[in-house]
Amino acid sequence: MLLAVRCLSGCPASHLLSRSLMTAGTMYSKGQLPDMNAGPIHVDNVRDTLRAIVGASTNWSDHVQAMEERKSLQSLLAKKQEDLPARKMKDSYIEVSLPLGSQPQLREKYLNVYNNVRFGRILEDLDSLGVLICYTHTKAESDKTPLSIVTALVDKIDLQKHLISPDCDIKFTGHVSWVGKTSMEVKMHMLQLHGDVYSPVLDATFVMVARDPENKRPAYVNPLVPDGPEEENLFQQGESNKMRRVAFSTASLLKMAPTGEERNIVHDLFLNTLDSRTVSFRSRILPPNSIWMEDAKLKGLEICHPQVIFCLF
């Protein structure tokens, strides 16, 4: 699912936005965004909905032609952010169902060799959901969007449970929680049904960026207007997250030399391997519970995941 999104473009804090839980999936016609009044989207429909939004195809030749046609959508891009209507957090709220319990045939796509849910597949679903949430936030009157939404980074994932049951239904929820000029922060939550109650499994924060139809330059997105004190807190948290990312990027070794404290740490590591009797680079001692890198062995490990493949001859 993650690859599909790339090709198309290149704490449960939102309880105030929660809606009645439903298990039925809903299909959406070409070019339409989800209608949450109809219930949660089935996880398999997220990818199809994204294809419809950007006009992509699973057939390579059709996909190339569709991407060429997207160039004509340049004229639909906003010249400035103020030209776009403001949105609220509830406008981008989406629920997605993953019925591992009620639809056992889905499990083989999510199980690993230990018969547990493969977390990498969950990350793919979160990535695709984050893109769909952003397209819902930036929805326009036209059938196809001029925006190419791509994942910039995964800011944070907090796990409440480290074991995901392979035979219980899962629900994803999410919405846009902060918006800059061309970027959006998306908060998503994963819950699993145990008995009659959905219990929190993880909270994730993704950062998405909007690009033009050819994915060559940034594009403006709809501003976000918090509605109420709880949404205001979420928005301010998004601002703080942005400042933290900027500070972290500024302190990168690609831009700044190591600090005095960092240099001292490296120097102490060096002194711990220095033989005080010879005081030579060629004569080193091994710290406790350590081995030299040249004595280590690199081994490859591939874990295969069960997947039924049907071949027609």
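See the structure printed just above.
Residues numbered from 1 in each chain as written. Predicted model: local features only at pLDDT ≥ 70, side-chain atom pairs only at ≥ 80, totals over all residues. Heavy atoms only, no water.

1. A closer look at the overall build of the chain
Looking only at helices and strands, the chain has 6 helices and 6 strands in total. Among the 313 residues that make up the chain, the fraction classed as buried is 40%. Carbon and sulfur atoms provide 56% of the accessible area of the chain, an area that totals close to 18200 Å². (Helix = DSSP H or I, 4+ residues; strand = E, 2+ residues; numbered from the N terminus. Buried < 20%, exposed > 50% of the residue type's maximum accessible area, 1.4 Å probe, protein only. Areas by Shrake-Rupley, 256 points an atom, 1.4 Å probe, with all protein chains shown as cover.)

2. Regarding the sheet that holds strand β6 (residues 197–211)
Read from one edge to the other, the open sheet built from 6 strands follows the order β1-β2-β4-β5-β6-β3, with strand pairing classed as mixed. Each edge of the open sheet is held by one strand with a lone partner, namely β1 (41–42) and β3 (148–159). One ladder, built from 12 bridges, connects strand β5 (residues 183–194) with β6; its direction is antiparallel. Counterpart to His194 in the pairing with β6 is Val197. Each of β3, β4 (170–179), β5 and β6 touches helix α5 (residues 229–250); the most contacted strand, β4, lies at about 75° to it. (Pairing = 2+ DSSP bridges. Contact = heavy atoms within 4.5 Å. Axes fitted to C-alpha atoms, helices over the stretch in contact; angles between N-to-C directions.)

3. Things to note about a nonpolar patch on the surface
On the surface, a nonpolar cluster with roughly 210 Å² of combined accessible area is contributed by Phe119, Leu123 and Leu159. Its place among the elements puts Leu123 in helix α4 (residues 119–137). The class for Leu123 is partly exposed, based on a relative accessible area of 31%. (Patch = residues over 30% accessible without salt bridge, like charges linked within 9 Å, V, L, I, M, F, W, Y side chains within 5 Å. Salt bridge = Lys/Arg side-chain N within 4 Å of Asp/Glu carboxyl O.)

4. Quick word on the nonpolar core
The biggest cluster of nonpolar side chains holds 47 residues, and the ones touching the most others in it are Leu98, Ile122, Ile149 and Phe172. Going through the elements one at a time, α2 (43–54), β2 (94–98), α4, β4, β5, β6 and α5 are the ones with two or more residues in this core. Top element by residues in this core is α4. It accounts for 8 residues. Apart from the residues within four sequence positions on either side, Phe172 is in contact with Ile94, Glu95, Val96, Leu98, Ile122, Asp125, Leu126, Leu129, His189 and Met190. (Core = buried A, V, L, I, M, F, W, Y, C linked by side-chain atoms within 4.5 Å.)

5. Remarks on the environment of Asp167
Relative to the assigned elements, Asp167 resides in the loop between β3 and β4. Residue Asp167 is classed as partly exposed on the basis of its relative accessible area, which comes to 45%. Taking the C-alpha atoms as reference, Asp167 lies 9.9 Å from Leu106; in sequence the two are 61 residues apart. If sequence neighbours within four positions are ignored, Asp167 has contacts with Leu100, Gly101 and Arg107.

6. Here's the deal with the packing of aromatic side chains
Enumeration over the complete set of coordinates arrives at 0 aromatic pairs. Over the aromatic face of Tyr110 sits the side chain of Arg121, whose NZ or CZ is 4.9 Å from the ring centroid. Seen from the ring of Tyr198, Lys171 lies directly overhead, with NZ or CZ sitting 5.1 Å from the centre. (Phe/Tyr/Trp six-rings, centres within 6.5 Å; stacked < 30°, edge-to-face > 60°. Lys NZ or Arg CZ within 6 Å of the ring centre and 35° of its normal.)

7. What to know about the packing of α2 against α4
Contact geometry for α2 and α4: axes closest at 10 Å, N-to-C directions at 45°. By the criterion of interaxial angle, the relationship of α2 to α4 is oblique. Once α2 is placed against α4, the crossing between them reads as left-handed. Packed against α2, whose contacting residues are Val43, Val46, Thr49, Leu50, Ile53 and Val54, the element α4 presents Asp125, Ser128, Leu129, Val131, Leu132 and Tyr135 at the interface. Of the residues assigned to the contact of α2 with α4, the class counts are 9 nonpolar, 2 polar and 1 charged. (Parallel < 35°, antiparallel > 145°, perpendicular 65-115°, else oblique. Left-handed = near helix turned anticlockwise from the far one by under 90°. Nonpolar A, V, L, I, M, F, W, Y, C, P; charged D, E, K, R; others polar.)

8. Looking at the side chain of Thr205
By secondary structure assignment, the location of Thr205 is in strand β6. A relative accessible area of 7% means that Thr205 is categorised as buried. A polar contact is formed between the side chain of Thr205 and the side chain of Lys187, at a distance of 3.2 Å. In contact with Thr205, other than residues within four places in its own chain, are Val154, Asp155, Lys156, Glu185, Val186 and Lys187. (Polar contact = N/O pair within 3.5 Å; in protein donor to acceptor, adjacent residues only side chain to side chain.)

9. Quick notes on the pairing of β5
Within β5, 10 of the 12 residues are buried, which leaves it mostly tucked inside the rest of the structure. Here 9 bridges tie β4 to β5, and the two strands are oriented antiparallel to one another. Bridge pairing in β5 links Thr173 to His189. Where β4 hands over to β5, the hairpin turn is made up of 3 residues, counted between the paired strands. The antiparallel pairing of β5 with β6 creates a hairpin that spans 2 residues between the two strands, and Gly195 there sits at a positive phi of about 75°.

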